[in-house]
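Read off the chains here:
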Amino acid sequence: MSSTPTAPAISEAEVKDGKIERGEDAPAHAVSVAPKKKEPPPETPESIRLRLFVILSFWAIVLFLGLPIWWRTTAIYRAKLPLDQMMDWADGRACRPVFPLRISIEADSLQDHEAQHLLRTTQHALDDLNDFSAHHLRLQLSPPANASITVDGLPTGGSDEEVALVIRLLPGTESKADLQSYSPILDVHYTPNQIPSSSSSSSFLATYIANTLREMFAEEQAMISYLLSTSSAPPERSPKALVPEVAESLAKWTTRSIKYSRTYHLTFSLFTPSATPSSWDIEAALEEHMKPLLQSFSSISNFTIDTQVQLYANPGVNGNVLKKEDLSGFINAAEWPLSPSIGGAPTVNFIIYVGDMEVEGGGKSWLIPQWGGVVIQSDISDLRPAMLIFSNQLMSLLGAPESGSLPLRLMTLVRVRSAGLLLKASGTMGSLARLTLALPSISIPKSVADGIYTTIEHLRKACDGLGGTEGLENAIIAEEAAEKAFFEKSMVGQVYFPDEHKIAVYLPLLGPVAVPLVMGVLKEVKAWRKRRRVSR
Amino acid sequence: MKLASFLRLPVLLASVLAPIPIAAEHTSNWAVLVSTSRFWFNYRHLANVLSLYRTVKRLGIPDSQIILMLPDDMACNPRNAFPGTVYSNADRAVDLYGDNIEVDYRGYEVTVENFIRLLTDRVGEEMPRSKRLLTDDRSNILVYMTGHGGNEFLKFQDAEEISAFDLADAFEQMWEKKRYHELLFMIDTCQANTMYSKFYSPNIIATGSSEIDQSSYSHHADNDVGVAVIDRYTYYNLDFLETQVREPSSKMTLGDLFDSYDESKIHSHPGVRWDLFPGDEQGGRERLVMDFFGNVQNVEVDNAGGNDTEWREDLLQLGKKIAELRERAEAQDAAVKNNTVPESKGGTHPSRKIRAAKVEIDETWWGKKAVGALALGGCAIVWLAGTYQDST
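Note that this is a predicted model, so its numbers are computed, not measured. (Residues numbered from 1 in each chain as written. Chains lettered and ligands numbered in written order. Predicted model: local features only at pLDDT ≥ 70, side-chain atom pairs only at ≥ 80, totals over all residues. Heavy atoms only, no water.)

Caption draft 1: Quick look at the overall build of chain A. Along chain A, the regular secondary structure elements total 12 helices and 12 strands. The buried share among the 536 residues of chain A stands at 45%. Across chain A, the fraction of contacts at a sequence separation of at least 24, relative to all contacts at a separation of at least 6, is 73%. Working note: accessible area of chain A is about 27500 Å², and carbon and sulfur atoms make up 57% of it. (Helix = DSSP H or I, 4+ residues; strand = E, 2+ residues; numbered from the N terminus. Buried < 20%, exposed > 50% of the residue type's maximum accessible area, 1.4 Å probe, protein only. Contact = heavy atoms within 4.5 Å. Areas by Shrake-Rupley, 256 points an atom, 1.4 Å probe, with all protein chains shown as cover.)

Caption draft 2: Fine view of the nonpolar core. Formed by 86 residues in total, the largest nonpolar core has its most connected members in Leu266, Phe268, Phe297, Phe390 and Ile452 of chain A. Of all the elements, helix α9 (residues 406-438) of chain A adds the most residues to this core, at 13 residues. Setting aside anything within four residues of it in sequence, one finds Ile452 of chain A in contact with Leu81, Pro82, Met86, Met429, Leu432 and Ala485 of chain A. Grouped together as the second largest cluster of nonpolar side chains are 49 residues, Ala31, Leu238, Ile266 and Met290 of chain B included. (Core = buried A, V, L, I, M, F, W, Y, C linked by side-chain atoms within 4.5 Å.)

Caption draft 3: Up close: helix α10 (residues 446-464) of chain A. Residue and element names in this part refer to chain A. A rise of 1.5 Å per residue sets the reference length of α10, with its 19 residues, at 27 Å; its end C-alpha atoms lie 27 Å apart and thus fit the reference within 8%. Those residues of α10 lying buried are Val448, Ala449, Gly451, Ile452, Thr455, Ile456, His458, Leu459, Ala462 and Cys463. At its buried positions, α10 is contacted by α3 (83-90), α9 and α11 (469-486). (Expected span 1.5 Å × (residues − 1).)

Caption draft 4: Looking closely at the sheet that holds strand β11 (residues 365-368) of chain A. What the 6 strands build is an open sheet, ordered β7(A)-β6(A)-β9(A)-β12(A)-β11(A)-β13(B); its pairing is mixed. Every other strand in the sheet has two partners, leaving β7 (302-310) of chain A together with β13 (300-301) of chain B as the edge strands with one partner each. Of the strands in this sheet, β6 (263-271) and β7 of chain A are in contact with helix α7 (residues 282-296) of chain A, which crosses β7 of chain A at around 155°. (Pairing = 2+ DSSP bridges. Axes fitted to C-alpha atoms, helices over the stretch in contact; angles between N-to-C directions.)

Caption draft 5: How the structure looks around the state of the cysteines. Residue and element names in this part refer to chain A. The tally for this structure, following the rule as stated, stands at 1 disulfide over all chains. Between Cys95 and Cys463 runs a disulfide, and the two sulfur atoms are separated by 1.9 Å. Of note, the bridge from Cys95 to Cys463 carries an S-S torsion of about 90° and is right-handed in sense. In this pair, Cys95 sits in the loop between α3 and β1 (99-106) while Cys463 sits in helix α10, placing the two residues 368 residues apart along the sequence. Its relative accessible area of 7% is what places Cys95 among the buried residues. (Disulfide = S-S within 2.5 Å.)

Caption draft 6: Representation of the pairing of strand β4 (residues 139-146) of chain B within the structure. Residues and elements named next belong to chain B. The element β4 is extensively covered by neighbouring structure, given that 8 of its 8 residues are classed as buried. Across 8 bridges, strand β1 (residues 28-35) lies against β4 in parallel orientation. Residue Val34 lies in a different strand from β4, and its bridge partner there is Met145. With 7 bridges joining them, β4 and strand β8 (residues 182-188) adopt parallel strand pairing. Residue pairing across strands places Thr146 opposite Asp188, the latter belonging to β8.

Caption draft 7: Here's a closer look at the confidence of the model for chain B. All names here are of chain B. When the pLDDT values of chain B are averaged, the result is 80; 79% of them are 70 or greater. Segment residues 1-23 is flagged for pLDDT under 50; beyond a separation of four residues in sequence, or across chains, it makes 32 contacts in the model. Scoring of the predicted complex yields 0.78 for pTM and 0.77 for ipTM. (pLDDT = per-residue confidence, 0-100.)

Caption draft 8: Spatial organisation of the domain arrangement of chain A. All names here are of chain A. Segmenting chain A into domains produces domain 1 (6-76 + 498-535), domain 2 (83-94 + 406-492), domain 3 (99-226) and domain 4 (258-398). Both sides together, the interface formed by domain 2 and domain 4 hides about 1100 Å², and carbon and sulfur atoms give 64% of it. The interface formed by domain 2 and domain 4 contains 2 salt bridges. In this structure, Arg262 and Glu473 form a salt bridge, with 3.5 Å as the shortest nitrogen-oxygen distance. (Domains from an automatic or database assignment. Buried area = accessible area lost by both parts, 1.4 Å probe. Salt bridge = Lys/Arg side-chain N within 4 Å of Asp/Glu carboxyl O.)

Caption draft 9: Examining the UniProt feature "transmembrane region" (unreviewed entry) in chain A more closely. All names here are of chain A. UniProt feature "transmembrane region" (unreviewed entry): in the numbering of this structure it lies at residues 52-71 and 503-522. Across residues 52-71 one finds 100% helix and 0% strand; the C-alpha atoms that close the span lie 27 Å apart. Its end C-alpha atoms 24 Å apart, residues 503-522 is made of 100% helix and 0% strand. (UniProt positions renumbered as here; feature names shortened; annotations may be inferred.)

Caption draft 10: Main features of a nonpolar patch on the surface. Residues and elements named next belong to chain A. Judged by side-chain polarity, Leu63, Phe64, Leu67, Trp70 and Trp71 come together as a nonpolar surface patch covering roughly 600 Å² of accessible area. Residue placement: Leu67 occurs in helix α2 (residues 45-74). For Leu67, a relative accessible area of 45% corresponds to the partly exposed category. (Patch = residues over 30% accessible without salt bridge, like charges linked within 9 Å, V, L, I, M, F, W, Y side chains within 5 Å.)

Caption draft 11: Quick look at the packing of aromatic side chains. Within this structure, the stated rule accounts for 25 aromatic pairs over all chains. Their ring planes at 85° and their centres at 5.2 Å tell us that Phe330 of chain A and Trp366 of chain A sit as a pair that is edge-to-face. One end of the pair, Phe330 of chain A, is in the loop between β8 (321-322) and β9 (347-354); the other, Trp366 of chain A, is in strand β11, and 36 residues separate them in sequence. Judged on exposure class, the residue Phe330 of chain A and its partner Trp366 of chain A are both buried. For the pair Phe185 of chain B and Phe199 of chain B, a centre-to-centre distance of 5.0 Å together with 75° between the ring planes defines the contact as edge-to-face. A residue pair is termed long-range when its members are at least 10 positions apart, and Phe185 of chain B in strand β8 and Phe199 of chain B in the loop between β8 and β9 (204-208) qualify at 14 residues. Members of the aromatic cluster, each reached through a chain of ring pairs, are Phe271, Phe330, Trp336, Tyr353 and Trp366 of chain A. Across from the ring centre of Phe486 of chain A, 5.0 Å away, lies the NZ or CZ of Arg122 of chain B, which sits over that ring. Looking at Lys177 of chain B, its charged tip hangs above the ring of Phe486 of chain A, at a distance of 5.8 Å from the centre. (Phe/Tyr/Trp six-rings, centres within 6.5 Å; stacked < 30°, edge-to-face > 60°. Lys NZ or Arg CZ within 6 Å of the ring centre and 35° of its normal.)

The structure is reproduced here in structure tokens:
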């Protein structure tokens with residue numbers, strides 16, 4: 001029983017008291033020697049039960065405490081986002097941008113019914129001309145003349161709605177239209193025989209006014225329709241195709257204009273190749289020519305101004321006649337200190353270079369899209385021409401339309417900017433929604449969700465109030481909130497970990513813990529099966 | 001005045017014409033140049049990046065639009081026999097460090113997290129503008145990376161690595177937020193081509209120095225510096241850029257650049273990925289080298305057409321308007337003063353003050369203290385228990 005069949009030579013005496021006699025041949029046989037197996041005393045049912053409880057309690061801790069803790073601590077927090085709403089905004093389903101422009105007619109010299117008839121026929125003529133429904137000119141009689149009547153017979157929206165333009169009808173000797181330069185007022189002169197009779201459905205005066213208005217707002221209409229066509233609005237809403245030339249000049253317009261910001265930083269620099277001039281009368285020039293313009297922009301953006309003079313500054317391109325394709329190299333970016341890292345606002349650079357070179361074709365100034373402008377001038381005692389060029393360049397860099405009087409251009413800019421911001425914020429909503437779905441392992445903190453709700457709220461307000469400064473203000477808030485939500489600082493980090501990494505992290509920790517746990521269960525199951533076999 | 005005159009054209013014609021595709025051009029160029037390895041023996045990686053930095057600067061990208069990441073300071077390394085300089089060639093003709101270099105991220109700031117934050121612009125308010133990638137949908141970006149890498153990863157700082165998946169996701173986030181127009185990704189590391197294999201965002205051209213299971217080799221060593229000074233792939237790229245793209249008006253294309261790669265010289269198989277680019281290989285090959293390595297701006301020269309007088313008149317008109325506006329503003333001011341309403345200065349004059357960044361207040365301050373105290377107390381109890389056990 002104790003000796004194996006392969007080792008018959010071993011005598012009982014050799015293993016008798018548990019130790020092997022170490023003879024010469026002993027090592028050869030020692031391997032096969034097994035001490036007599038002594039059975040442990042049978043376990044009591046209590047101890048079996050106790051051991052079972054011990055194992056179960058360990059597993060219970062692992063399953064009910066360890067696992068939830070691990071799950072909780074490694075889970076990525078993802079705030080719930082209104083994805084459907086966000087996609088609705090991005091796809092243009094949530095908002096139909098409409099720009100109702102109120103144009104009020106002052107016709108004190110006309111009879112009440114005449115004025116109303118004129119209004120109706122002009123509105124008809126306008127509606128016939130207009131083929132872009134989002135941009136809509138609505139005429140009304142100015143309140144002092146007639147308080148509560150509009151074209152459609154609906155009550156007026158009240159005096160809180162801004163009037164885009166006032167038309168003053170004045171009797172005169174010939175028919176002509178004069179746009180006042182400093183306020184949004186159009187003077188229309190008419191001859192007495194042009195007053196439409198109440199029976200006729202159209203009149204010369206009505207058509208004349210309609211055409212004038214249409215011409216005045218054509219550029220703005222083109223800008224807005226271009227913006228909408230480049231966004232992801234549903235195709236049936238996007239306006240008719242633009243004439244290629246118009247589309248081209250609008251593409252240039254978007255290329256040129258700087259992205260909207262609440263504050264811009266203007267830097268005026270004087271670069272001179274020698275030691276003179278070392279000073280310029282920039283303070284007075286800015287006060288004289290720049291400040292009034294900037295002030296008129298104050299409802300759209302704010303500006304900060306800095307100036308600098310740099311001596312011994314050489315341009316990147318030399319020669320008396322500069323070629324057009326060399327001009328982008330004229331700014332010596334490596335050596336001229338034009339770093340924009342002042343404050344948090346984008347910088348617009350305006351540079352006067354002292355010299356007498358000129359561009360092929362005779363120009364001495366040029367505009368660099370989204371960057372600023374350059375003027376070459378040999379005599380800097382008079383800064384007026386340079387400042388005038390800079391103001392023109394600033395207008396186009398900020399995206400203002402090219403025609404019309406200054407107030408009208410600014411009001412157009414307000415509308416175009418609100419449309420642009422509205423579309424941009426909506427686009428950001430869509431990007432964020434798509435990213436959330438595409439990157440399931442990125443965390444989304446609560447601040448992002450809050451930002452999105454703020455954005456949507458203000459987008460709604462902006463969409464309802466498009467066309468006025470309030471719409472712009474709401475669009476700005478929406479855009480800022482959307483940017484903040486998208487660029488949330490904590491939504492970053494490595495999101496991809498290969499499986500090898502996960503194993504490498506967990507194995508040293510879980511291996512030593514898991515082995516006794518699993519082995520304990522296995523042994524217990526084995527013992528249980530053995531007991532069952534025995535008892536059967 | 002051009003646009004306005006076009007608008008008077010019969011608009012009815014337009015409905016017949018199909019909408020023309022808008023060929024958007026880029027308006028700014030940015031470069032992100034990253035070296036990812038520390039230590040003196042990785043001198044060549046730093047030299048790679050600095051040579052490229054010098055090249056893009058030569059071709060016109062301003063410092064404010066170059067993000068340079070250097071994880072170590074070879075110029076001031078005590079082992080450097082030429083203190084304060086970095087050379088990428090044994091002839092030591094050009095000191096790459098020079099006196100006009102702007103390093104945006106240096107030392108331990110060069111981490112995977114910071115790199116991804118830079119690309120996705122998820123940075124705090126305190127981050128200065130010079131350290132941010134302020135690109136938009138009209139920006140072309142050159143991303144150049146070099147270091148030690150492997151299959152689908154690139155090591156950062158000898159401590160962590162960025163995976164091809166994370167890089168691809170970062171580019172996708174940039175694309176989603178319209179943060180680039182076109183992007184050229186270049187990487188010089190071992191098994192470099194695997195790094196761009198996971199990209200899935202459009203408008204990217206990617207090129208790498210070596211295929212999977214292939215090493216990237218250094219070009220030559222400088223015996224006085226004591227280590228290799230440049231990698232082969234980068235060396236031959238620079239060779240092309242220095243000899244063929246001499247001035248910003250160069251018309252060399254990316255096709256010319258990639259055709260110049262000679263595998264027998266580079267000692268590995270450089271790869272190019274075109275499929276993400278609109279127009280695939282053909283479209284990509286026609287792109288100018290200067291579209292990515294230079295700063296080409298489409299300037300608009302005033303009065304190029306020769307209508308000098310009209311233009312002057314416009315200016316005069318604007319000047320008059322401004323004068324009028326000012327008068328009106330003054331009148332308004334006077335009226336306001338007459339009404340004895342104190343006028344807020346900030347409202348009328350653009351303020352010169354720049355707001356300081358807000359410092360965040362930590363609200364969980366007490367909780368953190370408690371945790372710390374608890375941990376310390378626990379340690380003390382354990383230590384006491386230990387000594388008590390020892391003594392008994």
